[in-house]
Amino acid sequence: MKEPTTLVVAGLATLAAGTYTFRLSGQLLRARITFPPRAAKLLEAAAVILLAALVATTALTEGHGFSGFARPAGVLVAGVLAWRKAPFLVVVLAAAAVTALLRVLGV
Amino acid sequence: MVEVFRINSMRSIYRTLGRSVLTDIGLTCLAVFFIGLSYGAIAVASGLPLWVPAVLSVLVLAGASEFLFVGIVAAGGSPIAAALAGLLVNSRHLPYGLALPAGVTGRRWGRLLGTHVMNDESVVFALAQPDLPRKRAAYRACGLGVLACWPGGAVIGGLIGSAVHNTNAFGLDAMFPAVILALIVKDLRDARTRRAALAGAGIALAATRFLPAGLPVLLALVALLLLIRVPAATPEPAATPEPAATPEPGHPVGAQAGTTP
């Protein structure tokens with residue numbers, strides 16, 4: 001971990017407190033506002049976009065460069081399996097297995 | 001005392017919900033436990049001390065945002081940027097709170113904990129029940145189950161992860177993106193969301209070369225523009241005698257009626 005511990009604690013506390021606030025405020029506001037379904041859908045999409053970007057960057061990059069082929073290949077196999085509705089455990093273990101195997105082969 | 005209370009409350013949950021719903025909740029919690037295992041193992045393998053995923057899992061209790069936080073911090077990004085990204089992911093809990101009928105999360109002091117265990121799973125199970133007592137029982141059973149399984153999985157996974165040394169040799173670094181991909185794959189079946197997600201991923205990848213760690217993921221949100229529908233040019237025949245307010249994109253007020261073309 002490169003970041004100082006205090007900063008990590010601050011980030012962690014921010015995330016925890018903010019999440020609790022979201023959880024509470026929806027209940028408190030229930031009587032007063034109606035949340036348009038479109039806005040809810042946009043929030044949902046925002047979450048998916050952030051997570052997809054995280055998948056892409058952690059699969060393909062290391063620092064500011066390319067991570068090598070083994071890792072993205074494993075993730076690609078996992079993606080295909082997940083798309084075909086394979087069980088979660090199979091998906092995740094396949095990613096690790098394919099990547100490890102490719103590294104043994106020197107990719 | 002506490003023990004007796006718990007057994008009674010478990011019994012009443014059992015009587016209220018019946019077997020099949022409880023089995024579903026149990027299986028869901030088991031799945032959460034396994035995701036928690038991989039989460040803890042991956043967080044530790046990517047260089048974070050065990051307390052980070054452990055504390056996150058108890059205090060945040062929302063998987064996707066924790067993965068995001070851990071991913072950004074482990075890559076060397078700012079924890080504050082990581083928290084903001086996580087908060088954006090967790091903003092969905094606001095509409096969850098709006099959707100749950102009053103009383104589902106509990107009353108008085110119980111509500112403090114009941115609010116904390118609001119998550120994707122507990123909300124889904126609560127909303128699926130036909131009446132308030134059953135909604136409340138399903139919410140409580142699933143919420144408390146996740147509260148036990150997610151941190152439990154994270155800590156055990158973290159301990160396993162600390163025992164393995166050369167994590168790259170086992171391909172553990174590929175597990176992290178694979179887990180997240182498995183979690184969002186059901187959302188990616190929607191073509192519009194998929195297009196935006198791919199665009200966002202592309203933007204983040206292109207930005208990794210120039211921006212410090214953590215920011216490329218946030219920049220991906222630009223792709224959200226693909227999903228903001230431009231209001232139709234021709235005004236629809238007015239069914240309601242509302243004044244012709246120009247609906248601004250993203251503004252809640254105009255979005256009530258007649259936005260679908």
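Counting of residues starts from 1 at the beginning of each chain's written sequence and follows it residue by residue. Ligands are numbered from 1 and chains lettered from A, in the order in which they are written. Side-chain atom pairs in this predicted model are given and counted only at pLDDT of 80 or more, local residue features only at pLDDT of at least 70, and totals for whole chains, interfaces and linings cover all residues.

Residue and element names in this part refer to chain B. The source of the domain bounds is an automatic or database domain assignment. Parsing chain B into structural domains produces domain 1 (2–177) and domain 2 (189–229). Taken residue by residue, the interface counts 8 residues in domain 1 and 6 residues in domain 2. For the side of domain 1 that touches domain 2, the element with the highest residue contribution is helix α5 (residues 79–90), accounting for 3 residues. Contact definition: two residues whose C-beta atoms, as placed from backbone geometry, lie within 7 Å. Comment: elements are numbered from the N terminus, with helices defined as DSSP H or I runs of at least four residues and strands as E runs of at least two.

We now examine the interface of chain B and chain A. Each partner contributes to the interface: chain B provides 81 residues, whereas chain A provides 65 residues. Considering each element in turn, the side of chain B that touches chain A owes the most residues, 14 residues, to helix α10 (residues 172–188) of chain B. Asp, Glu, Lys and Arg are counted as charged, while Ala, Val, Leu, Ile, Met, Phe, Trp, Tyr, Cys and Pro are counted as nonpolar; the rest, among them Gly, fall into the polar class. Here the residues of the side of chain B that touches chain A sort into 58 nonpolar, 19 polar and 4 charged.

As a further point, take the domain arrangement of chain A. Assigned domains of chain A: these are domain 1 (1–33) and domain 2 (37–107). Distance between the C-alpha centres of domain 1 of chain A and domain 2 of chain A: 27 Å.

Right, let's get into the nonpolar core. Buried together is how nonpolar side chains tend to be arranged in soluble globular proteins. Only buried Ala, Val, Leu, Ile, Met, Phe, Trp, Tyr and Cys residues enter a nonpolar core, and they are joined through C-beta atoms within 7 Å. Here a residue counts as buried when 20 or more other C-beta atoms fall within 10 Å of its C-beta, as exposed when 12 or fewer do, and as partly exposed in between; the C-beta atoms come from the backbone. In this structure, Ile49(A), Leu50(A), Leu51(A), Ala78(A), Ala95(A), Leu68(B) and Ala178(B) are the most contacted members of the largest nonpolar core, which totals 104 residues. Examining the composition of this core, we find that 14 residues originate from one element, helix α2 (residues 37–60) of chain A, more than from any other.

This next bit is on unusual backbone geometry. Positive phi, normally seen in glycine, also occurs at Lys85(A), with a value near 65°. Turning to its location among the elements, Lys85(A) is positioned in the loop between α3 (70–83) and α4 (88–104). If you check the backbone angles, Arg108(B) has positive phi at about 50° while not being a glycine. Within the secondary structure layout, Arg108(B) lies in the loop between α6 (93–99) and α7 (110–116).

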